[in-house]
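# Chains, contacts and geometry: an overview
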Amino acid sequence: MAARFLSKSSSGSSLLGALGTSLVGVGSVARQTTSKLTYSDIFFQQQRTFVQMGTKLKVVDNSGAKRVMCIQALKSKKGAKLGDIIIGSVKEAQPRGKVKKGDVVYGVVVRAAMQRGRCDGSHVRFDDNAVVLVNKQGEPIGTRVFGPVPHELRKKKHVKILALAEHIA
Amino acid sequence: MRLEKCWFCSSTIYPGHGIQFVRNDAKIFRFCRSKCHKNFKMKRNPRKVKWTKAYRRLHGKDMTQDSTFEFERKRNRPQRYDRINTEKVLQAIPKISKVKATREKDHITKRLSAGRVNRRAEDRRELEQSISLVKAPSVLKEDATLTLPKQKVTVSYAQTENTPMEE
């Protein structure tokens, strides 16, 4: 019954977020049910959702943090998408870095597994959820950015991150 | 605006269609529809999936080498806008695509013509063996129109009416 309710609600609704946390043992990934669920369906039809409270993201700069857990997605009740800013708590950090474990930091989502629509009608999605730590003004704390970044950042005025990026998708 | 090719099935992706997947090594995979995208997520090799262009080209079902493919090669060098050139190109595009389509069709017909003899022999065999499905054998003996070997049917009409031709 919970599964059918899930299939009715669209991706990223706030109800889904609540249900997602209550599905223990599934990993915080909402499942899209089909009429006949086979093993391959469950494995490969993941419904990607927003970056919300509790989402663990990879840090892809050299600020010192390794993993960050989102505690608040700014500017949206549903959650953060590609290019949005989040507030996170550093869960894992390198021993000598600019940030330590337990710090509360701002971050810009540079890669998101959920697809984001572009103005030409296409959609982009990345392989993982990644974030670049920034300060309150939006300037990156680190000096290098790893991996591809989307050019959605240009519209959001994160020009410095684009300048540091090795590849712009 | 650029018309891309689907990574999985090699069909053209028009604007507003499909999903672009960026892998962490910065390789971009474009898919024309969710069918191709899902097959990719299943880690299927397009060279082994029968309905893709990659399979067809690899197994010689479709044309691989032709001069018309040269027109479609991706050129990364920007060209200065030349109005006359642009007009000529726009006029040439439908001609080239027509030539390409006819050549591809001919390639397939040529490929299939090798088996025409076999297909006709098979059809003949089917007709001989399974004719009973169409009409009962007893009826066939009276009406000879469905069987293959030509049977001389005697028609009785006056011969004198046709002789004026011989004169």
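Residues numbered from 1 in each chain as written. Chains lettered and ligands numbered in written order. Predicted model: local features only at pLDDT ≥ 70, side-chain atom pairs only at ≥ 80, totals over all residues. Heavy atoms only, no water.

This brings us to the side chain of D84(A). Residues and elements named next belong to chain A. Within the secondary structure, D84 sits in the loop between strand 4 (65-73) and strand 5 (85-93). We classify D84 as buried; its relative accessible area is 13%. In this structure the side chain of D84 is engaged in a polar contact, spanning 3.2 Å, whose partner is the side chain of K156. (Helix = DSSP H or I, 4+ residues; strand = E, 2+ residues; numbered from the N terminus. Buried < 20%, exposed > 50% of the residue type's maximum accessible area, 1.4 Å probe, protein only. Polar contact = N/O pair within 3.5 Å; in protein donor to acceptor, adjacent residues only side chain to side chain.)

Time to look at the pattern of salt bridges. Under the criterion given, the structure shown has 14 salt bridges over all chains. For the salt bridge of D25(B) with R23(B), the shortest nitrogen-to-oxygen distance reads 3.0 Å. For R23(B), a relative accessible area of 30% translates into the label partly exposed. The salt bridge partner of R83(B) is E87(B), with a shortest N-O separation of 3.6 Å. With R83(B) and E87(B) both in helix 3 (residues 83-113) and four residues apart, this pair spans about one turn of that helix. R83(B) sits in the exposed class, given a relative accessible area of 57%. Salt bridges linked by common partners bring K58(A), R111(A) and D128(A) together as one network. (Salt bridge = Lys/Arg side-chain N within 4 Å of Asp/Glu carboxyl O.)

All names here are of chain B. Estimated volume of the largest pocket: approximately 2,200 Å³. Lining the largest pocket are 45 residues, with R2, F71, E72, R73 and K74 sitting closest to its centre. Of all the elements, helix 3 adds the most residues to the lining of the largest pocket, at 11 residues. Per-class residue counts for the lining of the largest pocket are 19 nonpolar, nine polar and 17 charged. (1 Å grid on protein atoms, 1.4 Å probe; cavity = no way out; pocket = protein on both sides within 12 Å on 5 of 7 lines; lining within 4 Å. Points joined across faces, edges and corners; volume = space filled by probe spheres on them. Nonpolar A, V, L, I, M, F, W, Y, C, P; charged D, E, K, R; others polar.)

According to UniProt, the "domain: TRASH" (unreviewed entry) feature falls on residues 6-44 of chain B. Taken as a whole, residues 6-44 of chain B contains 21% helix and 26% strand, while its terminal C-alpha atoms sit 14 Å from one another. (UniProt positions renumbered as here; feature names shortened; annotations may be inferred.)

A separate point is the packing of aromatic side chains. Residues and elements named next belong to chain B. For the structure shown, the criterion picks out seven aromatic pairs over all chains. Here the aromatic rings of W7 and F40 are separated by 5.3 Å at their centres, their planes lie at 80°, and the arrangement is edge-to-face. One end of the pair, W7, is in the loop between strand 1 (4-5) and strand 2 (12-13); the other, F40, is in helix 1 (residues 34-41), and 33 residues separate them in sequence. We classify F40 as buried; its relative accessible area is 16%. A cation over a ring is seen here: K27 above F29, with NZ or CZ 5.1 Å from the ring centre. (Phe/Tyr/Trp six-rings, centres within 6.5 Å; stacked < 30°, edge-to-face > 60°. Lys NZ or Arg CZ within 6 Å of the ring centre and 35° of its normal.)

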